[in-house]
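# Geometric and topological summary
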Amino acid sequence: MGSNTLSISFFFAFMALTLLITYWAARRTRTTEHFFAAGGEVTPWQNGWALAGDFLSAGALLGIAGIVTSNGFDGMIYSIGWLVGWPIILFLIVEPLRNVGRFTFADVIAYRLSHRSVRLAAAVGTLVVILFYLIAQMVATGSLIKLLFGLSYAWSVVLVGSVMLIYVLFGGMLATTWVQVVKAALLMAGGVLLALLVLTHFDMNPLKLFAAAAEKYGTKVLQPGSRVVSGQWDAISLGLGLMFGTAAMPHVLMRAYTVRDFKAARLSILYATGLIGFFHLMVFIIGFGAMVLVGPEAVAKAGGGGNMAAPLLALTVGGNAFFGFICAVAFATMLAVVAGLTLSGVATLCHDVWTNVVRDGMAPEAEQLKVARIATVAISVLAIILGVAFEGQNVAFMAGLAFSVACAANFPSLVLAITWRRFTSPAAVASILVGTLSSLLLIVLSPTIQVDVMGKALTQVENAWWFVSLRNPAIISMPLSCLVAIVVSLMTTEANADSTFAEMQHRMLFGWTEAASVGEEWPG
Amino acid sequence: MDAQTYTDAEAKPRTRALAKQRLRIALGLSAAMATIYFGFMSMFAFDKPLLGKMLAPGLSLCILLGPLVIVSSFLLCLIYVFWANRVFDPGLRGLDQ
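Just so you know, these numbers come straight off a predicted model, no measurement behind them.

## Description of the overall build of chain B
The number of helices and strands found in chain B is four helices and two strands. Moving toward the C terminus, one meets the helices and strands of chain B in the order α-α-α-β-β-α. Pairs at least 24 residues apart make up 55% of the contacts formed inside chain B by residues separated by at least 6 positions.

What follows is the structure in structure tokens.
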């Protein structure tokens, strides 16, 4: 019980700190500019940490470490996949996004296209992505809290949902940013300390650690296997989904707007890439450390689908206090990621759907803020209900689904809107909807749903004409979405395409005005 | 700020050249990243024995290359930011009048 008391006190210390931050931020959150973009006042260095905080979910520390512990090298496929999208964001997306948009990436797609229909389609794509990712995080959180603190699953979900609601509702983007920064710093410190403690057992030489693992469990743990990712094309498809899905995740893209200008946005992506890459290298050591020092059998016995590898390792190398600290950090991580996701969902509902579609850009500031807060409550309640309803579901498949949808639905139209003059509104709508629906359909017909979720035997479904053997849909749905975008563009024409494209190119270079877009009216 | 201004702005050869240069570099670096990553993933998917080759005790080819993919993504970002700060931003300031 000693370790539980400690983790609970660490956890409450973290909550108290973040609620204090929220109280401070709430007094500064007066406009939608503050609520969604922290007034553009965040520095690149802080934003880099916040991006890392947004992106490093509990899956990164607990999930990947667990996969490495039980499968060896293969866990790294996820580490790498979740990083390689960041350079793509930096090279292709972040600067145009910052210069052209205001709160969401739909701003960019809708900029020179028909506002309402494109925005609505982009909102559908975004909300599907956010909802699946949110469910994945809620389910992971609920089951982990149940495991760590002995609270019942439903109450765990309600607790996380309520705390997250407070951050977002009162503190908006400013509070969420600072919660991310604090959490990312804790996560990073915990990860580095854990990795260092592991390495002290191996003369600070990772190769000795890997050699010890190979000696104990065979060289196969250092070699690629096929248990984590089965199927050759599935591996490529997973890679596609992770790389381009990352580059189109709404809650990541939203952070292009929290800094002063595109130069600051560019720098924050650089910092985030460094931090996330470094952390993933630590996780690799932690995973192998848990394999050698704790043992995959003990990790599997602890339950939670292997997620307990990192906390158990902390217990072994650092004692009860460190175990409590790592558990609290994992909890803080989930809380922060859920808050970031909720905020981007709220931005989509309020800024895209309400302000720009329902009110056609004419909503007064006070009304927008009110809608944002109602949307926050609605999304939080929805997240809690779905989190409870989806108890025990395979978390990886919902997270994977979120990335696949982002990759197929959002990425093609985002890139085409920026680079292709002939791109038209019907094409954007068609591409987003085809990307979303085809990803969903392919997942429903894949073994992930048919075998893992619905419990059918593989032999029972594998010969059905509709069966899709790929678990990762991106390799089909992303090219399909691109193809639809190109074909429909060539069949339709956009009014004033040349002049609006030129105008957008100008904006992409120079931004709104010298004084950036803060407080400026949104045209149309 | 009518559309005419923008068409003019785009037509300015120096602006156009700078925008083109940025796009070329962005696409080139993206292609480099995709080549590195999908090269690695293709080996993972289609040639596991090669990737599993042991180079030294505790070091297989994939354990060497995996972290290298991570490091190279950061280095590519660093190259872009250096270029953008050294060449692109000053060039942009020169135009923005």
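## Quick notes on the overall build of chain A
Counting its regular elements, chain A contains 22 helices and zero strands. In terms of overall dimensions, chain A is globule-like: its C-alpha atoms have a radius of gyration of 23 Å, near the 24 Å expected for 524 residues. When the backbone C-alpha atoms are referred to their principal axes, chain A occupies close to 65 × 60 × 40 Å. Sequence separation of 24 or more characterises 84% of the internal contacts of chain A that already satisfy a separation of 6 or more.

## Observations regarding the environment of Leu386 of chain A
All names here are of chain A. Considering the arrangement of structural elements, one finds Leu386 in helix H16 (residues 365-389). Spatially, the C-alpha atom of Leu386 lies 22 Å from that of Leu62, the residues being 324 residues apart in sequence. If we skip the residues at most four places from it in the chain, Leu386 touches Ile135 and Met138.

## A few points about the packing of helix H3 (residues 44-55) of chain A against helix H9 (residues 153-200) of chain A
All names here are of chain A. H9 packs onto H3 with a crossing angle of 75° between their chain directions and a minimal axis gap of 7 Å. Our classification of the angle between H3 and H9 gives roughly perpendicular. Contacts from Gln46, Trp49, Ala50, Ala52, Gly53 and Asp54 in H3 reach Thr177, Gln180, Val181, Lys183, Ala184 and Ala185 in H9. Of the residues contributing to the contact of H3 with H9, the split by class is six nonpolar, four polar and two charged.

## Side note on the confidence of the model for chain B
Here chain B averages 84 in pLDDT, while 87% of its residues score no lower than 70. The complex prediction reports pTM at 0.88, with the ipTM value standing at 0.88.

## Thoughts on the packing of helix H13 (residues 262-294) of chain A against helix H15 (residues 309-358) of chain A
All names here are of chain A. Remark: H13 packs on H15, axes separated minimally by 9 Å, with the N-to-C direction vectors making an angle of 60°. Judged on the interaxial angle alone, H15 and H13 are oblique. With respect to the hand of their crossing, H13 and H15 are arranged in left-handed fashion. Between H13 and H15, the residues in contact are Ile286, Gly287, Gly289, Ala290, Leu293 and Val294 and Ala309, Ala310, Leu312, Leu313, Thr316 and Val317, respectively. When its residues are assigned to classes, the contact of H13 with H15 shows nine nonpolar, three polar and no charged.

## Description of unusual backbone geometry
Residue and element names in this part refer to chain A. Even without being glycine, Asp203 reaches a positive phi, approximately 55°. With respect to the helices, strands and loops of the structure, Asp203 is situated in the loop between H9 and helix H10 (206-217). We classify Asp203 as exposed; it has 9 C-beta atoms within 10 Å. At Met204, a position not held by glycine, the phi torsion is positive, near 60°. In this fold, Met204 is placed in the loop between H9 and H10.

## Re the interface of chain B and chain A
Between chain B and chain A, the contact holds 42 residues from the first and 43 residues from the second. If you list the elements that add at least two residues to the side of chain B that touches chain A, you get helix H1 (3-11), helix H2 (13-46), helix H3 (48-51), strand S2 (59-60) and helix H4 (61-95) of chain B. Residue contributions to the side of chain B that touches chain A peak at 16 residues, all from H4 of chain B. Considered class by class, the residues forming the side of chain B that touches chain A number 30 nonpolar, eight polar and four charged.

## Section: H10 of chain A
Taking 1.5 Å per residue as the helical rise, H10 of chain A with its 12 residues ought to reach 16 Å, and the 16 Å between its terminal C-alpha atoms agrees with that figure. The set of residues buried in H10 of chain A consists of Pro206, Leu209, Phe210, Ala213 and Ala214 of chain A. Within H10 of chain A, the buried residues cover an arc of 135° as seen down the axis, which keeps them to one side. Facing away from the buried side of H10 of chain A by more than 90 degrees, the exposed set consists of Glu215 and Lys216 of chain A. On its buried side, H10 of chain A packs onto H9 and H13 of chain A together with S2 and H4 of chain B. Once H10 of chain A ends, the next one or two residues include Gly218 of chain A, with phi positive near 90°.

## Focus on helix H22 (residues 497-510) of chain A
Residue and element names in this part refer to chain A. For H22, which comprises 14 residues, the first-to-last C-alpha distance of 20 Å matches the rise-based estimate of 20 Å (1.5 Å per residue) to within 8%. Those residues of H22 that sit buried are Phe501, Ala502, Glu503, Met504, Gln505, His506, Met508 and Leu509. A positive phi of about 75° marks Gly511, the residue just after H22.

## A short note on the nonpolar core
Soluble globular proteins tend to pack their nonpolar side chains together in the buried interior. All names here are of chain A. Residues Ile109, Phe132, Ile286, Ala310 and Ala402 are the most contacted members of the largest nonpolar core, which totals 232 residues. Top contributing element to this core by residue count: H15, with 30 residues. For Ala310, the contacting residues outside a window of four places in its chain are Leu61, Leu62, Ala65, Leu194, Ile286, Ala290 and Ile326.

## A word on the environment of Phe73 of chain A
Take Phe73 of chain A: it is sitting in the loop between helix H4 (58-71) and helix H5 (75-81). Once the C-alpha coordinates of Phe73 of chain A and Glu95 of chain A are considered, the two residues, 22 residues apart in sequence, prove to be 35 Å apart. Setting aside its immediate chain neighbours within four residues, Phe73 of chain A contacts Val221, Leu222, Gln223 and Pro224 of chain A together with Cys62 and Ile63 of chain B.

## Re the confidence of the model for chain A
Averaged over chain A, the pLDDT score is 84; the fraction of residues at 70 or greater is 95%. Counted against residues more than four places away or in other chains, residues 514-524 of chain A, with its pLDDT under 50, gives 17 contacts.

## Description of the environment of Leu197 of chain A
All names here are of chain A. With respect to the helices and strands, Leu197 occurs in helix H9. In the structure, Leu197 is positioned 120 residues away from Val317 in sequence and 6.4 Å away in space, judged by C-alpha atoms. Residues within four places of Leu197 in sequence aside, it is in contact with Val317 and Gly318.

Reading guide: rules and limits
Residues numbered from 1 in each chain as written. Chains lettered and ligands numbered in written order. Predicted model: local features only at pLDDT ≥ 70, side-chain atom pairs only at ≥ 80, totals over all residues. Helix = DSSP H or I, 4+ residues; strand = E, 2+ residues; numbered from the N terminus. Contact = placed C-beta atoms within 7 Å. Rg over C-alpha atoms; globule rule 2.2 N^0.38 Å. Axes fitted to C-alpha atoms, helices over the stretch in contact; angles between N-to-C directions. Parallel < 35°, antiparallel > 145°, perpendicular 65-115°, else oblique. Nonpolar A, V, L, I, M, F, W, Y, C, P; charged D, E, K, R; others polar. pLDDT = per-residue confidence, 0-100. Left-handed = near helix turned anticlockwise from the far one by under 90°. Buried ≥ 20, exposed ≤ 12 C-beta atoms within 10 Å, placed from the backbone. Expected span 1.5 Å × (residues − 1). Arc of directions from axis to C-beta. Core = buried A, V, L, I, M, F, W, Y, C linked by C-beta atoms within 7 Å.

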